[in-house]
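# A closer look at the structure
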Amino acid sequence: LSTRAADILSSLDIPTSVELPGVYDGNWVGNGDIMESVCPTTGEVLARVKTASPEELQHALIKSREAYRFFRTVPAPRRGEILRQIRQALSDKRDALGALVSLEMGKIRTEGVGEVQEFVDICDYAVGLSRMMNGNVVSSERPGHTILEVPNPLGVVAVLSAFNFPVAVYGWNLALSMAAGNATLWKPSPSTPLCSIAVTKIVAGVLEKNGIPGAVAGLVTGGKDVGEAVVESRDVDMVSFTGSEAIGRIVGKTVQSRFGKILLELGGNNASVVMPDADLSVAVPSVFFGSIGTAGQRCTSTRRLYLHRKIASEFLELLQKMYGSIRVGDPLVSSTLLGPLHNTTGVNIFTDAVKHLRDSEANILTGGSRYSETPFDKGNFVQPTIAIPKSVDPTDKIWSTETFAPVLCAAVFDELEEAIEWNNAVPQGLSSSLWTRDLRNMGKWIGPSGSDTGIVNVNVGTSGAEIGAAFGGNKSTGWGRESGGDAWKQYVRWSACTINFSDEAPLAQGVDFSV
Ligand code: NAD
C-alpha cells in the first residue's frame, strides 16, 4: 500500500495488512465474497473487504431487531445526547475521514471534508429534533374525547447508498432514524466499503461507551445480492434507497410488493436557466461548479444549461474560459478542482455520451476526451465537456437521461416560459436554478407554472444543498425527502389515538347504533 493511503487508513484505525471484516452487528464479522476497494486516482487496491454471507446478513437483521426493541425505550432526548457524542466523534475525525472520501471515492479534498461536515450538521439538527419530534393534539367532534397523533419508533431502517456520497447520505438517514428510536442497517456502495467501515467504527465507539447495542447502527457490505436480500426482507420496516433510477425502480417495486415503507432518492437531470438580467459574475462561476464539481457526479450536478439569446455567447465564452483554467489532478492535493471519475463505468458513460453527441452532430465547445497522459493514465480522468446539441429534443437521450459525468449540454431560448417547459420536459425532477434579478421571473419560476423539481433555486446553483431544508426530487427522482424539513416524519410509525375520558361512548359522525 502507498504511504499516503496507509497513513489515511491508520489515522482512522483501519488495519492495512489484512482482509477487513465488512459486517458489523455489535461484532465485526465477514465471511462472504471478497470485495476490493480501488483508488480511482491511481488504480491502487486500497483494501480487501470480507462482505456479508447470507447467514451473516440474516443474523445482522436479527441483531437489528433486538437493538430496535431496546433503543425504542430510550427517551428521545437521551438518544439526542448519543447523537451529540457521535457528532463530536465525527468532527474530531473530520479531516481524516474527508481524506478517506477523496482517496476512495475520488472527490476533491474540500468536498470530501464537506461531506463529513454535512454528517456533523445533520447530527446537530437531530440533537435538536430529539426534543421536538412532537405529535399533535386534535380537536375531537365528540364530547369528552381527544385525539392524539403520536410518533412512535418505526423499527429497522435499511439504508442503501450510492458511491458518490459515501458518508453524507448515510448521515442524513442515520441521524433522523436514531433520533426517531430505530435501528439502522447500512448497505453501502460496493465500491466505497472503507468509508462505511470507518464511519461505522466511529459510531460504534460512541454506542459502546453508552451501553447501547452496536446493531443500533449496523453495517452489511456487499453487492447486488446483499442489496436484494435486504430489500426483500420483511424484517426491514423501511428501505431508504439512494442510487440510480434503474435500480430504484426495482427496489421500489420489491418493497411496495411486501407493503414496506420506501424512501427513494434517485437520479437527477438538472438545469440552470439564465435570464438576460442575470448577474453573470455570480452565474458563470456557479454553473462552473454545478457542472464540474465532484467531476459531474452529484445527483444535483448541472447537466443542462438554458441561456437567453441576449447573453448566450457572452456566457459561454466566460464559462469556457473557466473550463480552460480547471486544475486537474490528485483529489488529495488541496489545489485540485477536478479529480477522476469514480470508476471505469463512469468513464464509459462519459465516452458513450460524447460519441452520441458527435454522432448527432452536436457542437462540442470544449472537452470530449479522456486525459490519457501521465500521471492521469492510471486513473479515470476525463475532460469536462460543454456541447450544444443540434436541437432541444426532450426524447433524445442526451437531454432525457442522467449522464453521470461532467458533460454539460447548452441551448438558447427566447422566453422564460420556453425554458421552463424544457426544464420540466425530462422524466427526472431533482434540482433546478434560475438566474435573474427580476422578481417577476422569480415568481413564475417558483410558482404553480414554474419548475417542477424538488429543489427550485434562484441565483443559487443546482448543487450544494444545506441540511436544513428537506432534500429530494419529484417524478423519476422518486419523490423522497431526506435530511431537514419534515423528513423525520417518515422515520416513525404514526399512531392516531382517540381517547374517551367521558362516561358515554358516542360514535363519530353522529352514527346511532343504540338498541
Ligand atoms: P446504483 O443504483 O448502482 O447503486 C446504489 C445502491 O444499490 C448500491 O448500494 C448498490 O450496491 C445497490 N444495488 C444494486 N443493485 C441492487 C438491487 N438489485 N437491489 C438492491 N440494491 C441494489 O447507484 P450508484 O451508481 O452507486 O450511484 C449513482 C446514482 O445515485 C446516480 O443516479 C445519482 O444521481 C444517484 N444519487 C441520488 C442521490 C439523491 O439524493 N437523489 C444522491 C446520490 C446519488
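All values reported here derive from a predicted model rather than from experimental measurement.

Definitions and cut-offs
- Residues numbered from 1 in each chain as written.
- Predicted model: local features only at pLDDT ≥ 70, side-chain atom pairs only at ≥ 80, totals over all residues.
- UniProt positions renumbered as here; feature names shortened; annotations may be inferred.
- Helix = DSSP H or I, 4+ residues; strand = E, 2+ residues; numbered from the N terminus.
- Pairing = 2+ DSSP bridges.
- Contact = placed C-beta atoms within 7 Å.
- Axes fitted to C-alpha atoms, helices over the stretch in contact; angles between N-to-C directions.
- Core = buried A, V, L, I, M, F, W, Y, C linked by C-beta atoms within 7 Å.
- Buried ≥ 20, exposed ≤ 12 C-beta atoms within 10 Å, placed from the backbone.
- Parallel < 35°, antiparallel > 145°, perpendicular 65-115°, else oblique.
- Left-handed = near helix turned anticlockwise from the far one by under 90°.
- Nonpolar A, V, L, I, M, F, W, Y, C, P; charged D, E, K, R; others polar.
- Near = placed C-beta within 6 Å.

Under the UniProt annotation, the feature "domain: Aldehyde dehydrogenase" (unreviewed entry) is placed at residues 33–494. In the segment residues 33–494, helix accounts for 39% and strand for 21%; the C-alpha atoms at its two ends are 39 Å apart.

As a further point, take the sheet that holds strand 11 (residues 238–242). Within the open sheet, the 7 strands sit side by side as 3-2-10-9-8-11-12. Their pairing is mixed. Either end of the sheet is taken by a strand with one partner, and the two such strands are strand 3 (28–29) and strand 12 (261–265). Strands in contact with helix 7 (residues 193–209) are strand 2 (23–24), strand 9 (183–187) and strand 10 (217–220); relative to strand 10, the strand with the most contacts, it is inclined by about 155°.

Turning to the environment of valine 274, a few remarks are in order. For valine 274, the location among the structural elements is in strand 13 (residues 270–274). Sequence spacing of valine 274 and proline 54 is 220 residues, and the spatial spacing of their C-alpha atoms is 51 Å.

Attention shifts here to the nonpolar core. In this structure, Cys123, Ala126, Val167, Ala175, Ala179 and Val239 are the most contacted members of the largest nonpolar core, which totals 96 residues. With 10 residues, helix 5 (residues 109–129) is the single largest residue contributor to this core. Here alanine 179 is in contact with Ala76, Arg79, Gly80, Leu83, Ala126, Leu129, Ser130, Met133 and Trp488, once residues within four sequence places are set aside. Counting residues in hydrophobic clusters, the runner-up holds 52 residues, among them Val273, Leu307, Leu408 and Val456.

A separate point is the sheet that holds strand 24 (residues 492–500). Taken in spatial order, the 3 strands line up as 6-7-24 in an open sheet, and their pairing is antiparallel. Every interior strand has two partners, whereas the edge strands, strand 6 (136–139) and strand 24, have only one. Geometrically, the sheet is characterised by an average inter-axis angle of 25° between neighbouring strands, direction not taken into account. Pairing of strand 6 with strand 7 (residues 145–153), which is carried by 4 bridges, proceeds in the antiparallel orientation. Pairing of valine 138 across the sheet is with isoleucine 147, part of strand 7.

The next subject is the packing of helix 3 (residues 76–92) against helix 5. Two numbers describe how helix 3 lies on helix 5: the axes approach to 9 Å, and their chain directions differ by 160°. By the angle between their axes, helix 3 is roughly antiparallel relative to helix 5. The handedness of the crossing between helix 3 and helix 5 comes out as left-handed. Residues Gly80, Leu83, Arg84, Ile86, Arg87, Leu90 and Ser91 of helix 3 form the contact with helix 5, whose own contacting residues are Val116, Phe119, Val120, Cys123, Asp124, Ala126 and Val127. Among the residues forming the contact of helix 3 with helix 5, the class breakdown is 9 nonpolar, 2 polar and 3 charged.

Turning to unusual backbone geometry, a few remarks are in order. Cis rather than trans, the peptide bond between threonine 374 and proline 375 has omega equal to 5°. Mapping proline 375 onto the fold places it in the loop between strand 15 (363–366) and strand 16 (385–388). Despite not being glycine, lysine 475 has its phi angle at roughly 50°, a positive value. For lysine 475, the position within the fold is in strand 22 (residues 474–475). A residue is classified by how many C-beta atoms lie within 10 Å of it, and lysine 475, with 18 of them, is partly exposed.

This brings us to the site of the ligand. Around the ligand sit 31 residues, and of these Ala162, Gly227, Gly243, Glu265 and Cys299 come closest. Elements with a contribution of two residues or more to the shell around the ligand: helix 8 (224–232) and helix 9 (245–257). The element contributing the most residues to the shell around the ligand is helix 8, with 4 residues. Each residue belonging to the shell around the ligand can be placed in one class, and the counts come to 14 nonpolar, 12 polar and 5 charged.

Moving on to the pairing of strand 16. Pairing between strand 15 and strand 16: 3 bridges, direction antiparallel. Note that in strand 16 the partner of isoleucine 364 across the bridge is alanine 387. Of the pairings in the sheet, the one linking strand 16 to strand 17 (residues 407–413) comprises 3 bridges and is parallel in character. Paired with threonine 385 across the strands is valine 407, a residue of strand 17.

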